[in-house]
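Residue-level structural notes
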Amino acid sequence: MAADHRALDVGSLVSPTGVLLVACPDQPGIIAAVASFVAAHGGNVIDLQQHTDHTDRAFFQRVEFELDRFDLDRPSIPAAFAPVADEFDMAWSLRFSDDRQRVGLLASKEPHCLHDLLNRWRTGELDVDIPVVVSNHADHADTASWYGVAYEHLPIAEGDNAAQEAKIDATLRAHDVGVVVLARYMQILSPAFCEAWSGRIINIHHSFLPAFQGARPYHQAHERGVKLVGVTAHYATAQLDDGPIIEQDVIRVSHRDDVEDLRRKGRDLEVAVLARAVRAHVSHRVLVYGRRTVVFD
């Protein structure tokens, strides 16, 4: 019997919800106004989290509410909520839990992050669709085929990065991708590409940023004799390894560890931190605030 490699649709097992993310100047009445809007239209708030940045006098909120008895259809909600947003000068976004985001994976030679994300997707741990894997190497074609995912090998011909990047962009759009995950993709993306996909490119960097930016961070860590190594998942921007940080973690190391030991220990962190960052993003739990993020539980 042939194996069925389709991912489990976990979202179909629960009732859909709306998720509202809000950022605005801190002031009285925000929580009451948002909750009153939901209640006035028959919604039931099932999760509410907020954070106040007292230094910048900024307020952030995530509100998740049931849609079963909501008296507005989905396309009508933004216009109905606009007066509340205008009153408090809100930057806000609305998503729905049953809108599965389409994630495109970019990888180079190292396989561990790619394998981990595909496995989490296949088992239903990541509630997304993964229609395509793109790589500048041919190494992972069999892996993608086993998972039933399209594989696009797009090498850099004669050093023409711009032409290769244009093909990547076209491939992602052809597969209706909404989120790009750099699963140890080791090419630098152009400012134009980062701008076109702003806030939708998640990268895993194998150091505890802002320490050891750029290439060979494990070598840098070994040369400095660090006692902790870490990894960072962040949004990619035009400035290398400097985008808003979503998730980080560290592990202890010692003078006994050589560079390969650091790599081995770091790989364990890379897969976990990248998965946590992707899950936070697709669950609509991340608010970007300047160079920082607010990541709700």
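Residues numbered from 1 in each chain as written. Predicted model: local features only at pLDDT ≥ 70, side-chain atom pairs only at ≥ 80, totals over all residues. Heavy atoms only, no water.

Quick look at the packing of helix α3 (residues 112-122) against helix α8 (residues 259-282)
Running from amino to carboxyl end, α3 crosses α8 at an angle of 45 degrees, the nearest separation of the two axes being 9 Å. Overall, the two elements α3 and α8 adopt an arrangement that is oblique. Seen from above, α3 lies across α8 with right-handed handedness. In contact with His112, Cys113, Asp116, Leu117 and Arg120 of α3, α8 contributes Arg267, Glu270, Val271, Ala272, Leu274, Ala275, Val278 and Arg279. Tallied by class, the residues present in the contact of α3 with α8 amount to seven nonpolar, one polar and five charged. (Axes fitted to C-alpha atoms, helices over the stretch in contact; angles between N-to-C directions. Helix = DSSP H or I, 4+ residues; strand = E, 2+ residues; numbered from the N terminus. Parallel < 35°, antiparallel > 145°, perpendicular 65-115°, else oblique. Left-handed = near helix turned anticlockwise from the far one by under 90°. Contact = heavy atoms within 4.5 Å. Nonpolar A, V, L, I, M, F, W, Y, C, P; charged D, E, K, R; others polar.)

A few points about the sheet that holds strand β8 (residues 179-182)
Overall, mixed pairing links the seven strands, which are arranged β7-β6-β5-β8-β9-β10-β11 in an open sheet. The sheet terminates laterally at β7 (150-153) and β11 (245-252), the two strands that pair on one side only. Within this sheet the neighbouring strands show an average axis-to-axis angle of 15 degrees, counted without direction. Pairing of strand β10 (residues 228-235) with β11, which is carried by seven bridges, proceeds in the antiparallel orientation. In the sheet register, Gly230 faces β11, and the bridge partner there is Val250. On the sheet, α3 packs against β5 (102-107), β6 (129-135), β8 and β9 (201-205) and is oriented at approximately 165 degrees with respect to β6. Packed on one face of the sheet, α8 meets β8, β9, β10 and β11 and runs near 155 degrees to β11. (Pairing = 2+ DSSP bridges.)

Examining the layout of surface pockets
Each pocket or cavity is described by its volume, and for the largest pocket that value is around 560 Å³. Along the walls of the largest pocket sit 32 residues, with Tyr185, Met186, His205, His206 and Gly214 positioned nearest its centre. Every element with two or more residues in the lining of the largest pocket is listed here: β9, α7 (217-224), β10 and α8. Residue composition of the lining of the largest pocket, by class: 14 nonpolar, ten polar and eight charged. (1 Å grid on protein atoms, 1.4 Å probe; cavity = no way out; pocket = protein on both sides within 12 Å on 5 of 7 lines; lining within 4 Å. Points joined across faces, edges and corners; volume = space filled by probe spheres on them.)

Observations concerning the sheet that holds strand β3 (residues 58-66)
The four strands lie next to each other as β2-β3-β1-β4, forming an open sheet whose pairing is antiparallel. Edge positions in the sheet fall to β2 (44-53) and β4 (91-96), since each has one partner strand and no second. Strand-to-strand, the axes of this sheet are offset by a mean angle of 10 degrees, without reference to chain direction. As judged from the nine bridges shared by strand β1 (residues 17-25) and β3, these two strands associate in the antiparallel manner.

Considering the packing of aromatic side chains
What the rule picks out here adds up to seven aromatic pairs. A centroid spacing of 6.2 Å and a plane angle of 25 degrees characterise the contact between Phe193 and Trp197, whose relative ring orientation is stacked. Look at Trp197 and you get buried, because its relative accessible area is 0%. Among the aromatic residues, those joined into a cluster by ring pairs are Phe37, Phe65, Phe70, Phe81 and Trp92. Directly above the ring of Phe96 sits Arg74, whose terminal nitrogen or CZ lies 4.6 Å from the centroid. (Phe/Tyr/Trp six-rings, centres within 6.5 Å; stacked < 30°, edge-to-face > 60°. Buried < 20%, exposed > 50% of the residue type's maximum accessible area, 1.4 Å probe, protein only. Lys NZ or Arg CZ within 6 Å of the ring centre and 35° of its normal.)

A few points about α7
Three or more residues of α7 are buried, namely Pro217, Tyr218, His219 and Ala221. If you follow the buried residues of α7, they end up packed against β9, β10 and α8. Downstream of α7 by one or two residues, Gly225 has phi in the positive range, about 65 degrees.

As for the pattern of salt bridges
Where charged atoms from two side chains of opposite charge come close, those side chains can pair. This structure, assessed with the given rule, holds 22 salt bridges. Residue Glu125 is joined to Arg120 by a salt bridge in which the shortest nitrogen-to-oxygen separation is 2.5 Å. Glu125 gets classed as partly exposed once you look at its relative accessible area, which sits at 39%. Note that Arg276 is salt-bridged to Asp249, the shortest N-O span being 3.3 Å. A residue pair is termed long-range when its members are at least 10 positions apart, and Arg276 in helix α8 and Asp249 in strand β11 qualify at 27 residues. The exposure class assigned to Asp249 is partly exposed, which follows from its relative accessible area of 28%. (Salt bridge = Lys/Arg side-chain N within 4 Å of Asp/Glu carboxyl O.)

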